[in-house]
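Secondary and tertiary structure notes
Here is what each chain is made of, one letter per residue.
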Amino acid sequence: QVQLVESGGGLVQAGGSLRLSCAASGRTFSGYAMGWFRQAPGKEREFVGRITWSGGSTYYADSVKGRFTISRDNAKNTVYLQMNSLKPEDTAVYYCAASRLLSTIVRDYGYWGQGTQVTVSS
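Here is a short report on the structure shown in this document. Computed from a predicted structure; not experimentally measured.

The next thing to look at is the sheet that holds strand E1 (residues 2-7). With antiparallel pairing, four strands are arranged side by side in an open sheet as E1-E3-E8-E7. Single-partner strands in this sheet number two, and they are E1 and strand E7 (68-73). Across the sheet, the mean angle from the axis of one strand to that of its neighbour is 20°, orientation sign disregarded. With six bridges joining them, E7 and strand E8 (residues 78-83) adopt antiparallel strand pairing. Considered in E8, the bridge of Thr 69 is made with Gln 82.

If you want it as structure tokens, here you go:
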């Protein structure tokens, strides 16, 4: 089992920045790829980005490419999502998730955090 807890969400004005953290506990963390997803009200959960277990490779959705950056510190069992140049359409609950696969698909991730709310005002 891998337990995930997100933090760092909040209210920010458009153009601002936030950094989300995802702390993992339980089984070995470094063997998992980590993904970030988000879900806005009335919409399906969507892929934001993911990072390999080593941290050597990242991949992002087109909607956030160039604005969001994922990193991880395996010594601290923590993954980060740095969000810059935030837009109102980035408003959503953000989730981190763990998978043995390098995937952009929700169902490929077996472990999920509880989510943290990010609200971007215009």
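Formed by 33 residues in total, the largest nonpolar core has its most connected members in Leu 4, Met 34, Trp 36, Leu 81, Met 83 and Tyr 94. Looking at this core, the elements with two or more residues in it are E1, strand E3 (18-26), strand E4 (33-39), strand E5 (46-51), E7, E8, strand E9 (92-99) and strand E11 (116-121). With five residues, E9 is the largest single contributor of residues to this core.

For a regular strand, the rule is simple: side chains alternate between the two faces of the sheet. Every second residue of E7 is oriented toward a common face, the buried set being Phe 68, Ile 70 and Arg 72 and the non-buried set Thr 69, Ser 71 and Asp 73. Joining the antiparallel neighbours E7 and E8 is a turn of four residues, in which Asn 77 adopts a positive phi near 55°.

Before going further, it helps to spend a moment on the state of the cysteines. Summed over all chains, the structure comprises one disulfide. Linked covalently through their sulfurs, Cys 22 and Cys 96 form a disulfide whose S-S length is 2.0 Å. On the sign convention where negative means left-handed, the S-S torsion of about 60° between Cys 22 and Cys 96 marks this disulfide as right-handed. Residue Cys 22 is found in strand E3, and its partner Cys 96 is found in strand E9; the two are separated by 74 residues along the sequence. The burial state of Cys 22 is the same as that of Cys 96; both residues are buried.

With a phi close to 55°, Asn 77 is a non-glycine residue in the positive phi region. Positionally, Asn 77 belongs in the loop between E7 and E8.

The next thing to look at is the packing of aromatic side chains. Within the structure shown, the criterion is met by seven aromatic pairs. With 5.9 Å between their ring centres and 85° between their planes, Tyr 32 and Tyr 111 make a pair best called edge-to-face. Placement of the pair is Tyr 32 in the loop between E3 and E4 and Tyr 111 in strand E10 (residues 111-112), with a sequence separation of 79 residues. The rings of Phe 37, Phe 47, Tyr 59, Tyr 95, Tyr 109 and Trp 112 are connected pair by pair, giving a single aromatic cluster. In this arrangement the basic side chain of Arg 45 is found over the ring face of Tyr 95, its NZ or CZ atom lying 3.7 Å from the centre. If you follow Arg 45 out to its NZ or CZ, it ends over the ring of Trp 112, 4.8 Å from the centre.

Calculation criteria
- Residues numbered from 1 in each chain as written.
- Predicted model: local features only at pLDDT ≥ 70, side-chain atom pairs only at ≥ 80, totals over all residues.
- Heavy atoms only, no water.
- Pairing = 2+ DSSP bridges.
- Helix = DSSP H or I, 4+ residues; strand = E, 2+ residues; numbered from the N terminus.
- Axes fitted to C-alpha atoms, helices over the stretch in contact; angles between N-to-C directions.
- Core = buried A, V, L, I, M, F, W, Y, C linked by side-chain atoms within 4.5 Å.
- Buried < 20%, exposed > 50% of the residue type's maximum accessible area, 1.4 Å probe, protein only.
- Disulfide = S-S within 2.5 Å.
- Phe/Tyr/Trp six-rings, centres within 6.5 Å; stacked < 30°, edge-to-face > 60°.
- Lys NZ or Arg CZ within 6 Å of the ring centre and 35° of its normal.

All we've got here are geometric facts, nothing functional implied.
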